[in-house]
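Now for the letters of each chain:
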Amino acid sequence: MKILILNGPNLSRLDLREKNYYGDLTYKDLAEAISTKADAMGVEIEIKQSDSESELISWIHEAADKRQPLIINPAAFTHYSYALRDAISMLKAPAIEVHLSNPLSREEFRHTSVVSGVVQGTIAGFGVDSYLLALTAMQNLAK
Ligand code: DQA
């Protein structure tokens, strides 16, 4: 089963964002690092990014229908999108929340995640490794 990896708003412009949190990493670098790790693990993945809440929700609905596992970085939607939370809670397979930075060490509005309560677990603060660790965790969950 293909693992769906979704990335939320502004993650396509990572290299133009706060250097102290995201460094010089481009979205292309991120996607390549995840694909390389998935290939090495023999895991099939599908990586997508959208700035639109509606598009992300449609993709999550499709994943629910296909019983597909999900790794998601909801970006700023993490902190306020009940719509995304409701969509994730309909999934039939495990979901893991990931963040490049550690939102708990940043501004107070980032300390709340409205999606954490409907995922298996959250991995945050390890840059690209947050996604790579999530791939390993997902593979173990599927065993
Ligand atoms: C982020 C953290 C969020 O607070 C922020 O809005 C993002 C990226 C991260 O990966 O560290 O866009 O999800």
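Right above here is the structure, for reference.
Calculation rules
- Residues numbered from 1 in each chain as written.
- Predicted model: local features only at pLDDT ≥ 70, side-chain atom pairs only at ≥ 80, totals over all residues.
- Heavy atoms only, no water.
- Near = heavy atom within 4 Å.
- Polar contact = N/O pair within 3.5 Å; in protein donor to acceptor, adjacent residues only side chain to side chain.
- Areas by Shrake-Rupley, 256 points an atom, 1.4 Å probe, with all protein chains shown as cover.
- Nonpolar A, V, L, I, M, F, W, Y, C, P; charged D, E, K, R; others polar.
- Helix = DSSP H or I, 4+ residues; strand = E, 2+ residues; numbered from the N terminus.
- 1 Å grid on protein atoms, 1.4 Å probe; cavity = no way out; pocket = protein on both sides within 12 Å on 5 of 7 lines; lining within 4 Å.
- Points joined across faces, edges and corners; volume = space filled by probe spheres on them.
- Phe/Tyr/Trp six-rings, centres within 6.5 Å; stacked < 30°, edge-to-face > 60°.
- Salt bridge = Lys/Arg side-chain N within 4 Å of Asp/Glu carboxyl O.
- Buried < 20%, exposed > 50% of the residue type's maximum accessible area, 1.4 Å probe, protein only.

1. Quick notes on the site of the ligand
- Close to the ligand lie Arg 17, Tyr 22, Asn 73, Ala 75, Ala 76, His 79, His 99, Leu 100, Ser 101, Arg 106 and Arg 110.
- Leu 100 is positioned such that a nitrogen or oxygen atom in its backbone is 2.8 Å from an oxygen atom of the ligand.
- For the ligand, whose unbound accessible area comes to 320 Å², protein coverage reaches 99%.
- Each residue belonging to the shell around the ligand can be placed in one class, and the counts come to four nonpolar, four polar and three charged.

2. Examining the environment of Asp 129
- Mapped onto the fold, Asp 129 is located in helix α5 (residues 128-142).
- Sequence spacing of Asp 129 and Val 98 is 31 residues, and the spatial spacing of their C-alpha atoms is 9.7 Å.

3. Thoughts on empty space enclosed by the protein
- Evaluated as defined, the whole model comprises one cavity of 30 Å³ or more.
- Taken as a whole, the largest cavity spans an internal volume of roughly 40 Å³.
- Taken together, Leu 4, Glu 46, Lys 48, Trp 59, Glu 62, Ala 63, Lys 66 and Gln 68 make up the lining of the largest cavity.
- Taken together, the elements giving at least two residues each to the lining of the largest cavity come down to β2 (45-49) and α3 (53-66).
- It is α3 that provides the largest number of residues to the lining of the largest cavity, a total of four residues.
- Tallied by class, the residues present in the lining of the largest cavity amount to three nonpolar, one polar and four charged.

4. Describing the packing of aromatic side chains
- The final tally for this structure, using the stated rule, is two aromatic pairs.
- Between Phe 77 and Tyr 80, the ring centres sit 5.9 Å apart and the planes meet at 70°, which makes this aromatic pair edge-to-face.

5. Examining the pattern of salt bridges
- In this structure the tally under the stated criterion is seven salt bridges.
- We note a salt bridge from Glu 18 to Arg 106, for which the minimum N-O separation is 3.3 Å. In this pair, Glu 18 sits in the loop between β1 (3-7) and α1 (19-22) while Arg 106 sits in the loop between β4 (95-99) and β5 (121-124), placing the two residues 88 residues apart along the sequence.
- Measuring nitrogen to oxygen at the nearest pair gives 3.7 Å for the salt bridge that ties Lys 48 to Glu 46.
- One salt-bridge network, held together by shared partners, links Arg 17, Glu 18, Arg 106, Glu 107 and Arg 110.

6. Comments concerning unusual backbone geometry
- Even without glycine at this site, Asn 10 takes up a positive phi of about 75°.
- Considering the arrangement of structural elements, one finds Asn 10 in the loop between β1 and α1.
- Overall, Asn 10 belongs to the partly exposed group, its relative accessible area being 40%.
- Backbone geometry places Arg 67, a non-glycine residue, at a positive phi of 55°.
- Counting through the fold element by element, Arg 67 comes out in the loop between α3 and β3 (70-73).
- A relative accessible area of 54% places Arg 67 in the exposed class.

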